[in-house]
Protein chains: 2
Amino acid sequence: MKLSSQAQAFVLHFGEMGSRWGFNRTVGQMFALLTIHSEPVNADQLAEALKISRGNVSMGLKELQAWRLIELHHQPGDRKDYFTAAGSIWDLARTVFEERRKRELDPTLTLLRQLLLTEPRDEQESESQKKIQEVYSLLEMLDQFANTLSKLDEKDLLKLMKLGSGLSKLLELKSRAGGKKADTKK
Amino acid sequence: MKLSSQAQAFVLHFGEMGSRWGFNRTVGQMFALLTIHSEPVNADQLAEALKISRGNVSMGLKELQAWRLIELHHQPGDRKDYFTAAGSIWDLARTVFEERRKRELDPTLTLLRQLLLTEPRDEQESESQKKIQEVYSLLEMLDQFANTLSKLDEKDLLKLMKLGSGLSKLLELKSRAGGKKADTKK
DNA sequence: CTTAACTTTCAGAAATTTCTGAAAATTGTA
DNA sequence: TACAATTTTCAGAAATTTCTGAAAGTTAAG
């Protein structure tokens, strides 16, 4: 479990960025390590490579499993648990995207939906309600869009992301061609 | 500065979600408050409404300004600084999106670019390099795509997000129509 | 220039999050 | 069943982040 200096830098950086991506430093490091290292790695190796306690590794692995970012394996004749990143870089990015949508959008949508149920009692509340409705509509749409993106297969997703300025042209094209809902819009 | 119970719930929730969205609790609350409250608000009012110290408000405002999420105003005959959310809900969402891209993607792209410059010294390093390249390619593409989305005008963005399953059909359409780069792909 | 109104700063306190390591629990083997 | 290998748990310690409030800084008006 000796890391090249490149790998080392990669791992440390993912640790630092971790909190911005939704996990803590050591979880970020563990994820990065399992991502660049294609061979399965066990908990002791992680603890040694990252210089963290065995207990911390155990908690981190649990969290990465909750994110569905790692997979458990077994080596014949070895009772230890071995882990690898769950799939290709592409698969991992997709999973992170989906999990983040769930964690960042869903709870808010649920709350806002609930707030919109209660009738405003006065002018003041009516004003708030209106803003809440706006926020809700936007986040709801964003959530649906994220969902649509998640469902695209790799080929289409790649095509879409590579469009660049072609995207607005394509959207234009759609209007002219008269997309299914083009004439339904209010 | 009395908040309706709806507004109150909204503000508290944004405080709790704050950390997942890239800012701390009180900054999240301040942002939420300025978002539902259309009238300009001054620092003392924020401190009172959120029950936090004046110093904390000052720091939070500074951070929200760094995010470009609030605007400074002045009331005639009043020396205090007043703030409002910077634009419509739509504008705000766009800004959050752009700022997050900058904070979450750019530093990593910079590091990976740098790691890719050094020649691998052995088989081990060559393996790491390969993975780093894959991660880089994906994040670079994602960054470009986010950039493209940021540049779309509101009309097109709305159209795109509302496509739903129509999106893959549209992409299909593009292939058949023979997009500019369709035959250039390796 | 002086003063009063207001804002910012920042050292230390408080709150929160993360980490350790020893003990408890689990699991496979004989 | 007994035991040794391994993993998980979790109380308290350590590290980090956030918050307070008093002092310093800034600015406009007289």
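Residues numbered from 1 in each chain as written. Chains lettered and ligands numbered in written order. Predicted model: local features only at pLDDT ≥ 70, side-chain atom pairs only at ≥ 80, totals over all residues. Heavy atoms only, no water.

The next subject is the interface of chain A and chain B. Each partner contributes to the interface: chain A provides 65 residues, whereas chain B provides 65 residues. Where chain A abuts chain B, roughly 5,900 Å² becomes buried across the two surfaces, and 71% of that area is made up of carbon and sulfur atoms. Looking only at chain A, the three residues that lose the most surface to chain B are Gln6(A), Met141(A) and Met161(A), adding up to 12% of its buried area. Our count for the chain A to chain B interface comes out at 2 salt bridges. At the junction of chain A and chain B, the tally comes to 16 residue pairs in polar contact (both at pLDDT 80 or more). If you list the elements that add at least two residues to the side of chain A that touches chain B, you get α1 (5-21), α2 (25-36), α5 (89-104), α6 (106-115), α7 (123-151), α8 (154-162) and α9 (166-177) of chain A. Here the element with the most residues in the side of chain A that touches chain B is α7(A); it accounts for 15 residues. Its residues placed into classes, the side of chain A that touches chain B shows 33 nonpolar, 15 polar and 17 charged. (Contact = heavy atoms within 4.5 Å. Buried area = accessible area lost by both parts, 1.4 Å probe. Salt bridge = Lys/Arg side-chain N within 4 Å of Asp/Glu carboxyl O. Polar contact = N/O pair within 3.5 Å; in protein donor to acceptor, adjacent residues only side chain to side chain. Helix = DSSP H or I, 4+ residues; strand = E, 2+ residues; numbered from the N terminus. Nonpolar A, V, L, I, M, F, W, Y, C, P; charged D, E, K, R; others polar.)

It is worth spelling out the pattern of salt bridges at this point. Throughout the structure, instances matching the rule amount to 24 salt bridges over all chains. Linking Arg100(A) and Glu104(B) is a salt bridge whose minimum nitrogen-to-oxygen distance equals 3.1 Å. Taken together, the residues Arg100(A) in helix α5 and Glu104(B) in helix α5 (residues 89-104) connect one chain to another. Residue Lys159(B) pairs with Asp156(B) through a salt bridge whose shortest N-O separation is 3.8 Å. Note that Lys159(B) and Asp156(B) are positioned in helix α8 (residues 154-162) at a spacing of 3 residues, about one turn of the helix. Among the ionic contacts, a cluster of salt bridges with common partners joins Arg68(A), Glu98(A), Glu99(A), Lys102(A) and Arg103(A).

This next bit is on α7(A). In this model, α7(A) (29 residues) spans 42 Å end to end at C-alpha, consistent with the 42 Å of a helix rising 1.5 Å per residue. With a side-chain oxygen positioned 3.2 Å from the backbone nitrogen of Gln124(A), the residue opening α7(A) is Asp122(A). (Expected span 1.5 Å × (residues − 1).)

Further remarks concern the protein's contact with DNA strand C. Near DNA strand C there are 18 residues, and of these Thr26(A), Ser53(A), Arg79(A), Arg54(B) and Asp81(B) occur at the shortest range. Of everything in DNA strand C that lies within 4 Å of the protein, sugar and phosphate atoms constitute 67%. In this structure, a phosphate oxygen belonging to DNA strand C sits 3.2 Å away from a side-chain N or O atom of Lys62(B). Going through the elements one at a time, α4 (54-66) of chain A together with α4 (54-66) of chain B are the ones with two or more residues in the surface near DNA strand C. Take the surface near DNA strand C: its biggest share by element is 5 residues, from α4(B). (Near = heavy atom within 4 Å.)

Attention shifts here to the relation of the copies chain A and chain B. The operation relating chain A to chain B is a screw motion whose rotation component is 180 degrees, with 0.0 Å of axial translation and a residual RMSD of 0.0 Å. Such a combination of turn and shift is consistent with a two-fold rotation axis. With an isologous cut-off of 70% or more, the 100% of interface residues of chain A that recur at the interface of chain B puts this contact in the isologous class. (Least-squares fit on C-alpha atoms with pLDDT ≥ 70 in both.)

Moving on, we come to the domain arrangement of chain A. Split into domains, chain A comes out as domain 1 (5-86) and domain 2 (105-157). For domain 1 of chain A versus domain 2 of chain A, the distance between C-alpha centres works out to 35 Å. (Domains from an automatic or database assignment.)

With that settled, the discussion passes to the protein's contact with DNA strand D. With respect to spatial proximity, 18 residues lie near DNA strand D, and among them Arg54(A), Asp81(A), Thr26(B), Ser53(B) and Arg79(B) are the closest. Backbone atoms, meaning sugar and phosphate, form 63% of the atoms of DNA strand D found within 4 Å of the protein. The biggest single contributor to the surface near DNA strand D is α4(A), with 5 residues. Per-class residue counts for the surface near DNA strand D are 3 nonpolar, 7 polar and 8 charged.

So, on to the sheet that holds strand β3 (residues 82-85) of chain A. All names here are of chain A. Overall, antiparallel pairing links the 3 strands, which are arranged β1-β3-β2 in an open sheet. The two strands at the open ends of the sheet, each matched to only one other strand, are β1 (41-42) and β2 (70-73). Sheet topology places β2 next to β3; 4 bridges connect them, and they run antiparallel. Pairing of Glu-71 across the sheet is with Thr-84, part of β3. (Pairing = 2+ DSSP bridges.)

The next point concerns α1(A). Taking 1.5 Å of rise per residue, 17 residues should cover 24 Å, and α1(A) covers 23 Å from first to last C-alpha, within 8% of that figure. Of all the bends in α1(A), the greatest, near 35 degrees, is centred on Gly15(A). For α1(A), the full list of buried residues reads Gln6(A), Ala7(A), Phe10(A), Val11(A), His13(A), Phe14(A), Gly15(A), Met17(A) and Gly18(A). Residues of α1(A) that are buried make contact with α2 and α3 (43-50) of chain A together with α5, α6 (106-117) and α7 (123-151) of chain B. Looking one or two places after α1(A), you find Gly22(A), whose phi comes out positive at around 105 degrees. (Bend = angle between axes of the 7 residues up to and from the residue. Buried < 20%, exposed > 50% of the residue type's maximum accessible area, 1.4 Å probe, protein only.)

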